[in-house]
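Chain residues, written in single-letter form:
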Amino acid sequence: MNIQVVPEHKLSSVAPFKQCNVEKKEVELILVKDQNGVQYTSTSIVPSPTNHVGPPGSSGGDERETWGKKIDFLLSVIGFAVDLANVWRFPFLCYKNGGGAFLIPYILFLLIAGMPLFYMELALGQYNREGAATVWKICPVFKGVGYTVILIAFYVGFYYNVIIAWSIHYLFASMTNELPWLHCGNPWNTPNCTVPQPMNGSFLDNRTSYAKNKNTPAAEYYERGVLHLHESRGIGDLGPPRWELSLCLVAVVFILYFSLWKGVKSSGKVVYITATMPYIVLFVLLIRGITLPGAMDGIRAYLHIDLKMLNNPKVWIDAATQIFYSLGAGFGVLIAFASYNKFDNNCYRDALLTSTINCVTSFVSGFAIFSVLGYMAQKHGVRIEDVATEGPGLVFIIYPEAISTLPGSTFWAIVFFIMLLTLGIDSSMGGMEAVITGLADDFKILKKHRKLFTFATAFGTFLFALLCITNGGIYVLTLLDSYAAGTSILFGVLIEAIGVSWFYGVDRFSEDIERMMGFKPGLYWRLCWKFVSPTFLLVVVIASIVTSTGLTLDDYVFPPWSNVVGWGVALSSMLFVPVYAVYKFFSMPGTFKERIAYCVTPEHEHHLVKEGNVRQFTLKHWLAI
């Protein structure tokens, strides 16, 4: 127990330690618990004068910047988690997997895995105040998983920025009196282009749904006018980058750079627009959607309850993967964002609030989407299932086509694509911040030159993204979307959960949280972290491997070599885990047992290894909850 003199004006509150009675005077004498050479108060962490190993989060006495306001952090997390998938994936998954019945496995997995993992990452980042790689000073052998998630976040930036660039292209194309995808007769249209009319199914053959019809003006504008897909024969025939999309991509990179170059001080202000705008637009589109003829038919189809679908294992797999990807755990973003919080911030409340908002947003967006799909189905005399689709086909073909038939279509198109732009930008900002924070915390020279490093990162994603804006770029994008953050990100979070809950210890992790917030996580959270979440992730990883099939895009079947390339991309990130573990083991001194001990013991406890006091070598450590 040490005594530290702290002036009164530097203290806002002091955590009540059982051993300490604190009495306020002009100068306060505060008894501070000495934990592994680090002294703690509730609002600040004071390094010990000697043997400084840094509190979990300080770096050799350097002050880490923090969010300007609490709302900056909350909006950043919400903005990252609420992305395009909330609009173009969840509503369709809900519809095809039993409607309201799909919410049963979805909410179940939210409670037993989604929220616990979300909470774990926020607490991990906030306590240690480090990015995704250096946070593993708590268990050095797992640092490779930090590099895994950083690389995955970098990969995702390649193609995610391209989708944002498409949104910008459509946004500018919408600024006309007549939307370019309303009629045929444009330079990109084919002789087969047909303006849809009420057709009672006669326009479609028995094998084609309306959503798959390639001869509507909207479909031809997307595939021929924007992507120029007709000029490519497949992934082996990419062609040059499209100059129009290149300019849009440059705009995306500029927005990202100037949002991130000054760290959370700048990005925390950008999200005031990018995180709130989608909600304003979604509300406006919802109100407009439910006033359309046929809207109620679409909403009824969205919410219909088919409990028999719960007998299908694929429904449960879809719910598990959707809740995981929707919340965004495992990309290193939550760790990076939380690392800029104040030490005593209540991240438990933040985790519950932001994860709930994210899932409610997904559900509500379904009303905005299916009200319009109901209108489309009635207008063209087809069934809801013929117009229901997901992904780019929904937001760049079906929805724009529906908008083009409304009075004031230019306004509605501009509003819709502003929503897509803002949905995408703050999610991309989060991914890039994970890369920048993760590597800058590991390599101090990058932190000293953050602006230059931010530019290099943004420019690097731009160069690779050029592959996705060629004539055959959609094939590269599909490959990256399937492999870059598929099985690999699930694997990364599985290793992360095992590292924190088993090797570092869920009991010690709970004590860290108590040190920050003054209360320990309940038994429910500790059981989820130790048993339920890792089991959930293991099952989902196995399911994703077992159900993996060859890549296809509509009628195009990817050649076998492209699937090999895809798995190569996936393995390039996953291999960091075993490779770094082997490197760490052989770089440690001592006997075989001592090397193992150094690998699994927190860095600030390495002196205990020589004393033979390694808690991971005791049964009590593994049984603790």
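Enquirer: So what exactly am I meant to see when it comes to the environment of L179 here?
Expert: Along the chain, the position of L179 falls in the loop between α5 (143-173) and α6 (217-226). Of the residues examined, L179 reaches a relative accessible area of 2% and is grouped as buried. Distance from L179 to I403, taken between C-alpha atoms, is 9.4 Å for residues 224 residues apart in sequence. In this structure, L179 is in contact with S174, I403, S404, S409, T410 and A413, ignoring residues within four places of it in sequence.

Enquirer: Got a minute to help me understand the packing of aromatic side chains in this structure?
Expert: The way to describe two aromatic rings as a pair is by their centre distance and the angle between their planes. This structure, assessed with the given rule, holds 60 aromatic pairs. The interplanar angle of 45° and the centroid separation of 5.3 Å between the aromatic rings of Y170 and W181 together place this pair among those described as tilted. With Y170 in helix α5 and W181 in the loop between α5 and α6, this pair connects stretches of sequence that are eleven residues apart. Overall, Y170 belongs to the buried group, its relative accessible area being 1%. You can call W181 buried: its relative accessible area is 2%. Measuring from centroid to centroid gives 5.9 Å for Y222 and F396, while their planes differ by 0°, and the two rings are stacked. Placement of the pair is Y222 in helix α6 and F396 in helix α15 (residues 392-404), with a sequence separation of 174 residues. When sorted by exposure, Y222 lands in the same class as F396, which is buried. Three or more aromatic residues link up through ring pairs in this structure, and these residues are W166, Y170, W181, W188, Y221, Y222, F396, Y399, F416 and F417.

Enquirer: Any chance you could explain the side chain of Q126 here in plain terms?
Expert: Note on placement: Q126 falls in helix α4 (residues 103-128). Owing to a relative accessible area of 0%, Q126 belongs among the buried residues under this scheme. Looking at Q126, its side chain comes within polar contact range of the main-chain oxygen of F343, at 3.3 Å. Only 2.7 Å separates the side chain of Q126 from the backbone oxygen of N345, close enough to count as a polar contact. Contact partners of Q126, with chain neighbours within four places excluded, come to A338, S339, N341, K342, F343, D344, N345, C347 and M516.

Enquirer: Help me understand the state of the cysteines, please; the structure alone is not making it clear to me.
Expert: Going through the model one piece at a time under the given rule, you end up with one disulfide. At a sulfur-sulfur separation of 2.0 Å, the disulfide partner of C184 is C193. Of note, the bridge from C184 to C193 carries an S-S torsion of about -75° and is left-handed in sense. We classify C193 as buried; its relative accessible area is 12%.

Enquirer: Hey, could you run me through helix α11 (residues 313-327) in this one?
Expert: The periodicity of an α-helix, 3.6 residues per turn, causes residues three or four places apart in sequence to face the same way. Helix length check: α11, at 15 residues, gives a terminal C-alpha distance of 22 Å against a target of 21 Å (1.5 Å per residue), a fit within 8%. Of the positions making up α11, those classed as buried are V315, D318, A319, A320, T321, Q322, I323, F324, S326 and L327. Its side-chain oxygen at 3.0 Å from the backbone nitrogen of K314, N312 defines the N-terminal cap of α11. A positive phi of about 80° marks G328, the residue just after α11.

What counts as what
- All chains use their own residue numbering, which begins from 1 and follows the written sequence.
- Totals for whole chains, interfaces and linings use all residues, but because this is a predicted model, local features are given only for residues with pLDDT of at least 70 and pairs of side-chain atoms are given and counted only at 80 or more.
- To obtain the side-chain values, all non-hydrogen atoms of the structure were included, while hydrogens and water were left out.
- Secondary structure elements follow DSSP: runs of H or I no shorter than four residues count as helices, runs of E no shorter than two count as strands, and numbering proceeds from the N terminus.
- Note on exposure labels: buried denotes an accessible area under 20% of the residue type's maximum, exposed denotes more than 50%, and partly exposed covers the range between, all computed with a 1.4 Å probe on protein chains only.
- Contact between two residues is taken to exist if any of their heavy atoms lie within 4.5 Å; hydrogens are not considered.
- In summary, the pairing rule links any two rings of Phe, Tyr or Trp, Trp by its six-membered ring, whose centres are within 6.5 Å, and it sorts them by plane angle into stacked for under 30 degrees, edge-to-face for over 60 and tilted for everything else.
- What qualifies as a polar contact is a pair of N or O atoms within 3.5 Å, subject to a donor-acceptor requirement within protein and to the restriction that residues adjacent in sequence count only when both atoms come from side chains.
- Here, a disulfide means two cysteine sulfur atoms that sit within 2.5 Å of each other.
- A helix is expected to span 1.5 Å multiplied by its residue count minus one.

None of this, on its own, says anything about what the molecule does.
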